[in-house]
Amino acid sequence: MHYTLRILLLDDDVFMLELLTDLIGGLGYSHIHAASDARSALKALPAFRPDLMICDLSLPEMDGIEFLRAVAEQGFTGGVILLSGMDSGILRAAELLAMAQGLTIVGACSKPLSRDALADLLAVADGRSDRLHGDRK
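A. Examining unusual backbone geometry more closely. Put simply, Lys111 and Pro112 share a cis peptide bond, and its omega is -5°. Positive phi outside glycine occurs at Arg49, with the angle close to 50°. Along the polypeptide, Arg49 turns up in the loop between α2 (38-48) and β3 (52-56). Look at Arg49 and you get exposed, because its relative accessible area is 57%. Of note, Glu61 is a non-glycine position whose phi angle comes to about 65°, a positive value. Summarising the element assignment, Glu61 is placed in the loop between β3 and α3 (64-73). For Glu61, a relative accessible area of 66% puts it in the exposed group.

And the structure:
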């Protein structure tokens, strides 16, 4: 099965980018753009026009929160999945800040993200799931 969701990945860890790209590709998504720094991800936005961004919060130069603010200012209307190796309190704070910027948060997850969790989040982002944001149990 092939899905048309356009996914922008942002993580400064090249291994993590490759892992996510492989996982997402294995789940049937082929429209993937990977960036290892926020500035190149921002440059890719207008041409790539992603439906979903998967964004690490710990980035050099411009952190994930600054990146999301810039994305919101550009009028991004797709979904966002936040990833972080930081503690859950920081992840939750980032999620609230991103929502305050008007972004749609599909999920906020600790690294590493399992294949099943990723598949579930992609299904939600692609509208193939009945789960609504906020219905987490």
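B. Structural context of the environment of Glu18. The residue Glu18 is located in helix α1 (residues 14-26) in this model. For Glu18, a relative accessible area of 47% corresponds to the partly exposed category. With 16 residues separating them along the chain, Glu18 and Ala34 place their C-alpha atoms 8.4 Å apart.

How each quantity is defined
- Residues numbered from 1 in each chain as written.
- Predicted model: local features only at pLDDT ≥ 70, side-chain atom pairs only at ≥ 80, totals over all residues.
- Heavy atoms only, no water.
- Helix = DSSP H or I, 4+ residues; strand = E, 2+ residues; numbered from the N terminus.
- Buried < 20%, exposed > 50% of the residue type's maximum accessible area, 1.4 Å probe, protein only.

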